[in-house]
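Structural characterization, general
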Amino acid sequence: MKETKRAVVSGVHGYVPSYALTNNELERMVDTSDEWVTTRTGIKERRILKEEGVGTSFMGINAVQGLLQKTGTDPQTVDLLICATITPDMITPATANIISHAVGAINAFSYDLQAACSGFLYALDTATQFIASGRAKKAIVVGADKMSSITDYSDRATCILFGDGAGAVLVTAGDAHDDYGILDSICKTDGIGQNLLYQKAGGSRLPASHATVNAKQHYIYQEGQAVFKTAVTAMSQVVLDIMAKNNLTAEELAYLVPHQANKRILQVVADRAGIPIEKVMLNIDKFGNTTAATIPLCLWEYENKLKQGDKLILTAFGGGFTWGATYMTWAYDGFE
Ligand code: UT7
């Protein structure tokens, strides 16, 4: 009988554009203040991809090239590449195809996956199943979004939130008897959120037209308060559920790795799960909400602090609604 393999995160890398859009600069663009944005969201600045003519793949390629280099991985040995994004370079082909081609992953089958801010978690869960079944031995999961391409910089309710970035992890096949790797995952969806966080036009229901452009329907829109309340409840519950399912206590946990949408949401989720804030990965102050990229960007930034055997819970909530949590044991020591 074929033995099931354990999916193991064996490396992480990230890329953020160099341009930092600060709260002070936003004060000059819309009616807001550094004080309001900082206290309501925890964000001080976000990175923006300013270069003309490049999209999400540009950041994804940079993240994946860095990942291949630092892990000493021959791109031709990668057999699967999934890119989670809501801002693909084009509707078709998939941004994942563009990334695979650019990095020389010629033997990988690659595709995009869209689950908004939960995209990275969904893609990681998908890659985990391919590894477990033996269908793939080496996978790359990319979370990448150029949120500035769908942000209305005259709308103070959304333009303060979002930034651009990409993060990527290498997922390899380990021994199912090992303690290291992805141990459990819960993914949830409820379409009740479809009109609470969405981009109205540009799809098949309302294709691009002069009217949709004039009505600013190609920008991201959200009912902030409603999304906030649902995010707090859903993320707290799914974190508690995965802890209970795996008999995991807050004391045993090394880090909670949450999607970075709002620092206040993360504080409440951590409180409800009994996890001290020092054990919560945070970089929202520097990068804002980069949608599918927030979780791998956190792992990348904290990589040096992580030790083999550290227990992590990744969690996200986003448009759809989509949400979930992944429980993993970190497989290698950081480079500090
Ligand atoms: O990543 C996917 C999931 N997304 C989320 O989880 C985001 C969830 N939502 C949020 O993070 C928060 O709802 C926001 C940060 C978007 C907004 O914060 P809030 O505390 O919910 O503010 P609010 O929308 O209730 O607005 C409060 C007030 C309003 O003024 P009035 O009506 O009380 O006079 C807004 O017009 O704040 C005003 N406001 C602003 N004021 C200064 C809204 N945006 C701004 C702004 N600067 N940028």
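Residues numbered from 1 in each chain as written. Predicted model: local features only at pLDDT ≥ 70, side-chain atom pairs only at ≥ 80, totals over all residues. Heavy atoms only, no water.

**Description of the domain arrangement of the chain**
- Here the chain is partitioned into domain 1 (5-175) and domain 2 (181-329).
- Taking only C-alpha atoms into account, the centre of domain 1 sits 14 Å from that of domain 2.
- On the side of domain 2, 46 residues touch domain 1, which itself brings 50 residues to the contact.
- Roughly 3,800 Å² is buried in total at the junction of domain 1 and domain 2, and carbon and sulfur atoms are behind 64% of that figure.
- Interface area lost by domain 1 to domain 2 is led by Cys117, Leu121 and Tyr122, which between them contribute 17%.
- The interface formed by domain 1 and domain 2 holds two salt bridges in total.
- For the interface between domain 1 and domain 2, the tally reads 17 residue pairs in polar contact (both at pLDDT 80 or more).
- Elements with a minimum of two residues in the side of domain 1 that touches domain 2: β1 (5-15), α2 (34-41), β3 (45-48), α5 (119-133), β6 (138-146) and β7 (164-175).
- When residues of the side of domain 1 that touches domain 2 are assigned to their parent elements, the largest contribution, eight residues, is made by β1.
- When its residues are assigned to classes, the side of domain 1 that touches domain 2 shows 24 nonpolar, 15 polar and eleven charged. (Domains from an automatic or database assignment. Contact = heavy atoms within 4.5 Å. Buried area = accessible area lost by both parts, 1.4 Å probe. Salt bridge = Lys/Arg side-chain N within 4 Å of Asp/Glu carboxyl O. Polar contact = N/O pair within 3.5 Å; in protein donor to acceptor, adjacent residues only side chain to side chain. Helix = DSSP H or I, 4+ residues; strand = E, 2+ residues; numbered from the N terminus. Nonpolar A, V, L, I, M, F, W, Y, C, P; charged D, E, K, R; others polar.)

**Things to note about the environment of Thr87**
- Positionally, Thr87 belongs in the loop between β4 (80-84) and α4 (95-103).
- Relative accessible area serves as the criterion here: at 4%, Thr87 is assigned to the buried category.
- Distance from Thr87 to Lys70, taken between C-alpha atoms, is 27 Å for residues 17 residues apart in sequence.
- Thr87 has contacts with Thr56, Ala144, Asp145, Lys146, Met147, Ser149 and Ile150, leaving out every residue within four places of it along the chain.
- A distance of 2.8 Å separates a polar side-chain atom of Thr87 from the backbone nitrogen of Lys146. (Buried < 20%, exposed > 50% of the residue type's maximum accessible area, 1.4 Å probe, protein only.)

**Points about the sheet that holds strand β11 (residues 255-258)**
- Pairing is mixed in the open sheet, where four strands are placed in the order β8-β13-β12-β11. Both outer strands of the open sheet, β8 (181-189) and β11, are each paired with one neighbouring strand and no more. Direction aside, the axes of adjacent strands within the sheet are offset by 15° on average.
- In this structure, β11 lies alongside strand β12 (residues 311-318), joined through four bridges in parallel fashion. (Pairing = 2+ DSSP bridges. Axes fitted to C-alpha atoms, helices over the stretch in contact; angles between N-to-C directions.)

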